Each structure stands twice: as C-alpha cells, then as structure tokens.
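A look at the structure
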Amino acid sequence: MTTSATSGTGPADPAGPTENSLRRALKRARDGVALDVAEAAVLLQARGEHLDDLTASAARVRDAGLEAAGRPGVITYSKSVFVPLTRLCRDKCHYCTFVTVPGKLRRAGHGMFMSPDEVLDIARKGAALGCKEALITLGDKPEDRWPEAREWLDAHGYDDTIAYVRAISVRILEETGLLPHLNPGVLSWTDFQRLKPVAPSMGMMLETTATRLWSEPGGPHHGSPDKEPAVRLRVLEDAGRSSVPFTSGLLIGIGETYEERAESLFALRKVSRAYHGIQELIIQNFRAKPDTAMRGMPDAELDELVATVAVARHIMGPSACLQAPPNLVDAEYERLIGAGIDDWGGVSPLTIDHVNPERPWPQIEELAAKSRAVGFELRERLCVYPEFVRRGEPWLDPRLRPHVAALADPATGLALPDAPVVGRPWQEPDEAFTASGRTDLHTAIDTEGRTSDRREDFDEVYGDWAALREAAAPGMAPERIDTDVRAALATAADDPTRLTDDEALALLHADGPALDALCKVADDVRKSVVGDDVTYIVTRNINFTNVCYTGCRFCAFAQRRTDADAYTLSLDQVADRAEQAWGVGAVEVCMQGGIHPDLPGTAYFDIARAVKARVPGMHVHAFSPMEVVNGATRTGMSVREWLGAAKEAGLDSVPGTAAEILDDEVRWILTKGKLPAATWIEVIETAHELGLRSSSTMMYGHVDQPRHWLGHLRTLAGIQQRTGGFTEFVTLPFIHTNAPVYLAGIARPGPTVRDNRAVTAMARLLLHPHIPNIQTSWVKLGTEGAAEMLRSGANDLGGTLMEETISRMAGSSYGSYKSVKDLIAVADAAGRPAKPRTTLYGPVPEERQRAARDSDGHLPQLLPVLD
C-alpha cells in the first residue's frame with residue numbers, strides 16, 4: 001500500500017507523513033478536537049495500526065450521532081430502481097462508461113432518451129418488488145452538445161432536458177408511487193425551483209475541488225464544463241438556498257493529492273454548515289474501466305477508502321450521514337462500517353448500477369447479515385433522509401407531502417417496509433385561498449404590534465449565522481477613496497452621463513459640504529428633467545399572505561403558517577380591499593405576498609382576476625420577480641409564458657422589488673433562497689418585452705457598501721437602455737429593527753442620513769437620462785426625511801398605501817397611511833407643488849381626483865378579524 005501524499009498523479013511527498021505528525025493528528029481525532037486541512041491530509045494516509053486507531057474514533061463519532069438521532073445501531077439503505085434517463089452528456093469525463101454517443105444508442109436500438117413507457121415499466125416492476133425510490137440519472141445538458149438530443153426533446157414537446165425530467169417525475173409519482181431522486185448534473189437556481197415540486201431529494205457528486213484536474217490537459221475532467229469545481233460548489237449552495245435535501249460526495253483516487261482530498265471535504269462541510277441541506281455524503285472509490293482514457297489508472301485501494309470515510313466522519317461530525325457504495329468493495333463491508341458509515345445507499349433488487357455495470361449490487365439479505373455480524377440493524381429509508389422527512393416545510397414541497405407520508409414511518413422518518421407503493425395524484429393543495437390567521441395585521445401592526453420580534457425557528461431557517469458573519473466581513477470593510485471629489489462634482493454638474501466609476505464612487509462617499517454640493521447638482525438635474533412637481537399616487541397595498549419559507553434574512557414580514565402573526569387572505573378579501581380603495585379614489589393596487597408553499601402557481605392569476613372582476617378600472621401593479629419565478633416554476637411554464645398568462649388575467653405592471661442589491665456577493669448574505677441577480681434581470685427584461693412596465697428598487701444600508709450601490713445603479717441603467725420599461729427608481733432604506741440579519745449581529749442598523757442623501761442624489765445622476773423619476777419612501781424615512789430627499793434629487797413620494805405591513809413588521813415607525821393632504825404637506829416642506837399621477841406617470845382622471853378629495857383622510861372600512 002502506498003504511503004505517498006497522492007492517490008494518483010498529483011504532486012507527492014514520497015516519504016509520507018512523519019510518525020510524530022500521525023500520532024499528533026490521531027490524538028486530536030481521538031480527543032474530538034477540530035481538525036485542519038493539514039491534519040486531515042495526514043490522517044488520510046494512516047495505515048495499519050494507525051488506521052485502526054483512526055477508524056475506532058470515527059466509529060465513536062458516528063455512534064454518538066446515531067444515538068442523538070434516535071436510531072442507535074441502525075445502518076440504512078434505500079430500496080430503489082436505477083433509471084438511466086439518457087446516457088448522452090455534454091461532458092467528457094475520462095473515466096466514465098455511463099455516457100455514450102447517439103450512434104451507439106441507435107445501433108443498440110435505443111432512443112436518445114428513455115421513453116415514458118420504458119421508464120414507467122421499470123418503475124412499476126420496482127414498485128411490485130417493494131422499491132420506494134426511482135433514482136433518475138442522466139448526463140448533463142445533452143442537447144447542448146448533441147443535435148439528436150435536441151431533436152428528440154423538440155419532437156416530444158419539451159423545451160429542455162429538465163422539462164422532461166420534471167414531466168417523467170410527475171408520472172412516476174402518479175402512476176407508480178415511487179419517489180424520484182434526481183441526479184441531472186449541474187442545475188441552476190431556477191432549475192431547482194422547477195424540480196423541487198416533483199422530487200423529495202436530488203444529488204450531484206462534488207467529486208473534487210482540485211481545479212487542476214479540470215483545467216489541465218490530460219486531467220480526468222478536462223473538456224467537461226460541468227466538472228469545474230466552482231460550478232459544482234455553486235450547485236450545492238443553490239440546493240441549500242432552495243431547501244432541497246441534497247446528496248453529494250467525493251470520488252477518490254482520480255489523481256487528487258491528499259491535501260486536495262482534505263480540501264474537498266472541508267468545502268463540503270462549509271456548504272453543509274451554511275445551509276443544513278446536505279442529507280448525505282457518498283465516499284466513492286475510483287474503479288478503472290476498460291475502453292476509457294483512465295483504464296490504466298490503478299483502482300483506489302480499500303485502505304484509501306476506509307481512511308477517507310473515517311476522516312470524512314471526523315470532519316463532517318456525528319450528525320452527518322455517510323455512505324459508501326457496497327458494490328465497489330468486494331464484500332468487505334465490516335471495514336466500512338467500522339470506519340464510520342451509517343448508510344449503504346441505493347440498492348436495487350431489479351436494475352443494475354448503470355454507472356458501474358460490472359459491479360452487481362449485493363443482495364439485501366447479504367447486506368443485512370453482514371451488518372448484523374458487526375452489531376448493526378439494517379433498516380430501509382426513503383430517498384429523502386429521515387431528518388428531512390421530520391423537518392417537513394420548507395424541505396418538502398406540499399405537493400410531495402402525501403407521497404412521502406404514505407411511505408414514511410411518522411415516528412422515525414424511515415421507510416415503512418410494508419407500505420403499499422401505489423400511484424397517488426400529484427396536485428396543488430386544496431383550498432389555497434382560505435382566509436386564516438391575523439388578517440387584521442394591516443391595521444393591528446399600528447395598534448397592537450407584532451407578537452414577537454422574531455420567528456420561533458430563527459436559529460434554523462436562515463442557515464448558519466456564524467458562517468454568514470464570516471462571509472459578510474469582507475464586504476463590511478471600509479474603502480479608501482482617492483478620487484478627487486471636486487473634479488467628480490464638476491463632471492456631474494457638466495454632464496452626469498460622463499461620470500466614471502471612480503468619480504461616481506467618490507461621490508457616493510461624499511460628506512459635509514461635498515455632499516451638500518452633490519445634492520444641489522442632483523436637484524438641478526431633477527428640475528431640468530421633470531420640473532418642480534412632486535408626484536404621488538393614490539394606491540392601496542395588499543399583502544395577501546405573509547406565510548413564506550424563502551428564508552430572506554432581512555425580512556421581518558415572513559412567517560411560518562403556524563406562527564402567531566401568520567395570515568392569508570381569501571380572494572374575496574383581496575377583492576374587497578381593492579373595491580374599498582377604489583371607493584376612496586385609488587387608481588392602483590400594489591399586491592405582493594410571501595412565497596406560500598400551498599399557493600399554486602396559478603394563484604396569482606386568480607388574484608388579478610378577482611380584482612379586475614370587482615373593479616375593472618383598477619390598475620393591478622403586482623407580483624415581484626420572485627413571485628413570477630415561483631409561479632412559473634410551480635406551473636411548469638416559462639417566465640415568458642407565465643407573464644403572458646398573468647397579463648391576460650389582468651396584470652398591468654410589476655413591482656421591481658426583490659432586487660435588494662443586484663450583486664450576488666451581497667444577495668447570498670441577505671437572503672437564503674431568493675432568486676439570483678441574473679434571474680431578477682431576466683424576469684424584468686421579459687416583462688418589459690411583453691409590454692409590462694415595472695418600477696426598479698434598491699434596498700441599502702445593511703451589509704452593502706457604496707461600490708455595490710454603484711454596480712446596482714449601473715445595472716438598472718443598462719436594463720433601461722435596452723428595454724425602456726422602468727417607470728421609476730425607488731430608494732428603499734433598510735429597516736433594521738426586527739430584521740433577522742440585524743438581530744443576529746451581522747447587518748448595520750440601516751443607512752445614515754448621509755447614505756440616504758448620497759444614494760438619492762447619485763440615483764438621479766447615474767440613472768440620467770434613462771429613468772427620469774426617482775421616488776423616496778415616506779414609510780421608511782418619515783415626513784422630514786422624505787422632504788430632505790426631495791431636495792436631493794427625488795421627485796416622487798410614492799403612494800398613500802392605506803395599509804403597509806412589510807416595513808411596519810420590520811420596525812418602521814412612520815405608520816401605514818398618508819392622506820393626500822399629508823403628501824402635499826411633504827411637498828410643501830420641500831418648497832414644491834404636488835401633483836397626482838397614475839402608475840405609469842400619466843394624468844389622473846378628474847373623477848378619480850374628486851373621489852380622492854372627497855374621502856381624503858378617511859380610511860376605508862377595515863375588514864374584521866376572522867373568528
């Protein structure tokens with residue numbers, strides 16, 4: 001057995017670790033002290049008595065975890081069928097025999113993809129044998145490489161491979177009762193939203209973080225775009241952000257060094273701690289296969305595998321679930337159990353392992369006997385691990401809950417061995433719009449307040465706070481600005497469009513007399529572009545639900561369905577509020593809500609129709625880009641199709657909220673599961689292309705810096721130049737009081753007055769001449785603050801609102817309603833006239849103005865609390 005520092009072709013230390021370094025690392029492992037990468041690399045090379053010492057301590061860690069989980073002495077497996085949906089792939093991994101080419105498939109009489117009938121035949125046979133998992137494995141994005149794959153998808157009516165995966169998963173659920181576990185390779189954040197409703201779990205092996213094995217010619221992953229480690233780590237993070245129970249792991253012995261292997265384990269631990277979403281790690285040993293470029297590479301030996309399992313157990317800790325495939329170890333199962341595994345993975349009584357076809361599965365009875373011989377009881381689990389079965393929301397989509405519940409032991413989360421495996425309808429939950437909870441919160445928030453300052457699941461739902469503090473630290477560091485502010489002011493006054501990024505950044509940092517001068521320049525530009533009128537709109541906010549499991553760390557509005565402050569309005573209540581608003585002169589309702597897991601993707605259409613049916617003349621300004629993506633992925637429609645259907649249902653424009661900061665460095669600290677910046681841009685540009693105008697926004701003053709504001713404003717200006725679809729830009733100062741990210745000690749306590757003035761002024765200059773309207777938020781800044789922003793480049797006060805729950809739940813102290821007279825008074829304080837407007841900044845009909853004047857200062861009759 002080799003003792004070098006490499007298991008393959010990487011740089012090696014022929015002498016291996018010293019005896020002292022091994023003893024020191026082993027003692028730290030025995031004592032439960034946290035290991036570092038160097039110590040882990042040393043332990044990966046333990047052999048003989050040292051390896052026995054290492055595995056003994058790893059087994060103790062595993063046993064403690066099983067005891068804490070309530071299943072001491074239990075080792076699990078999943079009874080499954082293996083469905084190779086397609087063996088085409090755009091990657092060229094040098095060790096793979098799973099992947100083939102179209103010509104070979106044709107010669108063997110196979111299609112480019114398995115047909116639905118072929119898939120369902122396997123699934124039905126598996127169900128008859130008591131299998132509960134359909135492991136759907138396929139190559140990455142084959143249509144990107146193979147025209148034949150694209151032709152097959154087109155001929156069968158699928159936009160892409162993911163669409164077929166989703167469709168076949170639904171049929172498996174409905175027609176066989178098996179639970180799909182999906183391995184479609186690299187997925188985007190949007191792909192996860194598309195597939196989460198149809199599969200309780202998904203997976204993708206990390207394999208290694210050794211970039212050189214991908215980037216250097218001759219490496220095992222060279223020429224495979226989906227094997228870049230950074231890409232695969234992003235997939236793991238997106239799975240966590242999307243609350244998808246996810247399987248990952250390492251492939252050892254493909255040329256990585258021990259240090260690289262250790263680094264890979266620590267990378268997996270980092271993701272696991274940040275999102276608590278990795279349900280298991282597979283430690284898989286490389287086996288050379290004929291007819292591959294790596295056929296001459298030596299197999300990873302059993303000691304390599306055993307040592308890696310043991311080190312993985314020490315690094316990942318007692319609560320991790322570790323698996324080693326039993327068909328790759330020549331029946332030496334007791335050594336893997338002794339090293340710290342607690343799972344054997346999927347084992348099929350029906351299908352072969354299509355990735356390792358030369359290695360048959362062991363008989364389940366044999367696995368049970370071998371496990372029993374070393375003191376372990378073999379128990380069946382589902383494809384989704386018991387911890388996630390018991391967690392429920394947000395890890396299990398409501399449409400999957402009945403399917404999982406039918407096969408799971410409610411006490412343990414493990415499989416019910418004798419549960420009948422039969423198809424069940426895959427459908428939206430019933431009665432999505434049943435009114436419930438604190439439906440009076442829109443008024444009670446101003447009189448009674450919220451029940452508590454945080455959700456009961458504060459410590460779990462947002463991810464790992466310690467990891468977030470570490471991630472946020474670099475972005476919070478102050479910046480040194482050397483650009484001459486006076487020269488930048490001169491450029492701004494002469495022609496704001498010529499401001500360089502360095503000059504703009506200098507102005508975003510301006511303070512004192514320089515800030516005063518900046519605001520004067522911005523106010524002059526405002527006057528030249530839109531004149532002195534301060535515009536406002538008579539509108540009503542309707543937040544139709546605050547039930548949400550997205551995990552935005554800045555949001556104090558979102559509640560679990562069981563929380564005391566949670567509520568959902570009925571369609572009639574939404575329509576009632578719109579009708580009441582029309583009666584007091586409103587021209588718009590602005591409707592947004594939480595991402596409620598029970599609301600179907602068509603619910604948004606129902607909301608728009610309900611308002612239009614009751615008040616045909618009301619402008620429906622509704623559904624943030626996050627809600628648009630939620631609706632599209634739940635219905636299986638494209639964003640374009642969904643927006644088109646929403647427009648037909650009555651949607652007139654969309655709010656450009658959910659933007660926060662359009663920089664993923666900041667977004668992934670602010671939010672666990674909200675859409676990435678690129679997806680926000682895609683939704684907004686698509687809306688504009690369909691004739692749906694939108695606002696644009698920026699929430700600032702949390703974990704961001706002026707450089708992020710600059711990038712955000714430049715991005716918005718670029719979109720506007722391409723589409724012309726933005727009606728205005730809205731500044732949204734961060735309200736910190738009840739925001740989780742502030743309560744956890746990570747975010748700043750909102751922006752300063754200096755920040756507010758600088759952002760407003762620079763929005764005016766950097767968006768000039770593309771976005772002429774700059775709106776300030778009285779609900780976040782109050783009357784005096786809003787008036788100051790009107791002197792700093794803003795020209796719009798937003799709306800009367802009538803009700804405003806989101807900022808008030810966050811701790812804003814400026815109320816939920818401003819009368820028209822109140823808004824006129826804010827304009828007066830800035831020395832300017834006020835003028836009503838429509839959503840699209842057009843003139844307001846006289847009838848609407850008269851209704852607003854006649855009822856000004858009187859809120860509509862408020863809806864009663866439900867019994």
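In case you missed it, the structure is sitting above this.
Residues numbered from 1 in each chain as written. Predicted model: local features only at pLDDT ≥ 70, side-chain atom pairs only at ≥ 80, totals over all residues. Heavy atoms only, no water.

1. Observations regarding unusual backbone geometry
The general pattern is negative phi for most residues beyond glycine and trans for most peptide bonds. Basically, it comes down to this: In DSSP terms, a helix is any run of H or I states spanning at least four residues, a strand is any run of E spanning at least two, and both are numbered starting from the N terminus.
With omega at 0°, the peptide bond leading from Glu393 into Pro394 counts as cis. With respect to the secondary-structure elements, Pro394 resides in the loop between α15 (386-391) and α16 (401-407). The amide bond that connects His768 to the next residue, Pro769, takes the cis arrangement and shows omega of -5°. You can see Pro769 is positioned in the loop between α31 (753-766) and β19 (774-775). Despite not being glycine, Asp291 shows a phi value in the positive range, around 65°. On the secondary structure map, Asp291 appears in the loop between β6 (278-285) and α12 (302-316).

2. Details of helix α1 (residues 19-30)
Which entries qualify depends on this criterion: The span one expects for a helix is its residue count, reduced by one, times 1.5 Å. Each residue is assigned to one of three classes by its accessible area relative to the maximum for its type, calculated with a 1.4 Å probe on protein chains only: buried under 20%, partly exposed between the two thresholds, exposed over 50%. The arc in question is traced by the directions running from the helix axis to the C-beta atoms. We call two residues in contact whenever any of their non-hydrogen atoms come within 4.5 Å of each other.
Between its terminal C-alpha atoms α1 stretches 16 Å, which fits the 16 Å expected from twelve residues at 1.5 Å a residue. For α1, the full list of buried residues reads Ser21, Leu22, Ala25, Leu26 and Ala29. All buried residues of α1 project into a common sector of 130° when viewed along the axis, lining one side. Opposite its buried face, α1 presents the exposed residues Asn20, Arg23 and Arg24, each directed more than 90 degrees away. In this fold, the buried residues of α1 make contact with α2 (37-43), α3 (49-69) and α12.

3. Observations regarding the nonpolar core
This is how it is decided: In these notes, a set of buried Ala, Val, Leu, Ile, Met, Phe, Trp, Tyr and Cys residues joined through side-chain atoms within 4.5 Å is what counts as a nonpolar core.
In terms of nonpolar packing, the biggest core is built from 126 residues, with Met591 and Trp680 touching the most fellow members. Excluding residues that lie within four positions of it along the chain, Trp680 makes contacts with Pro625, Gly656, Thr657, Ala658, Ala659, Leu662, Leu675, Leu716, Ile719 and Phe726. In this structure, Leu178, Ala324, Ala339 and Ile341 belong to the second largest nonpolar core, which totals 125 residues.

4. What to know about the environment of Lys835
Mapped onto the elements, Lys835 comes out in strand β21 (residues 834-836). Distance in space between the C-alpha atoms of Lys835 and Asp796 is 9.4 Å, their sequence separation being 39 residues. Beyond its immediate sequence surroundings of up to four residues, Lys835 is in contact with Asp533, Val534, Thr535 and Tyr536.

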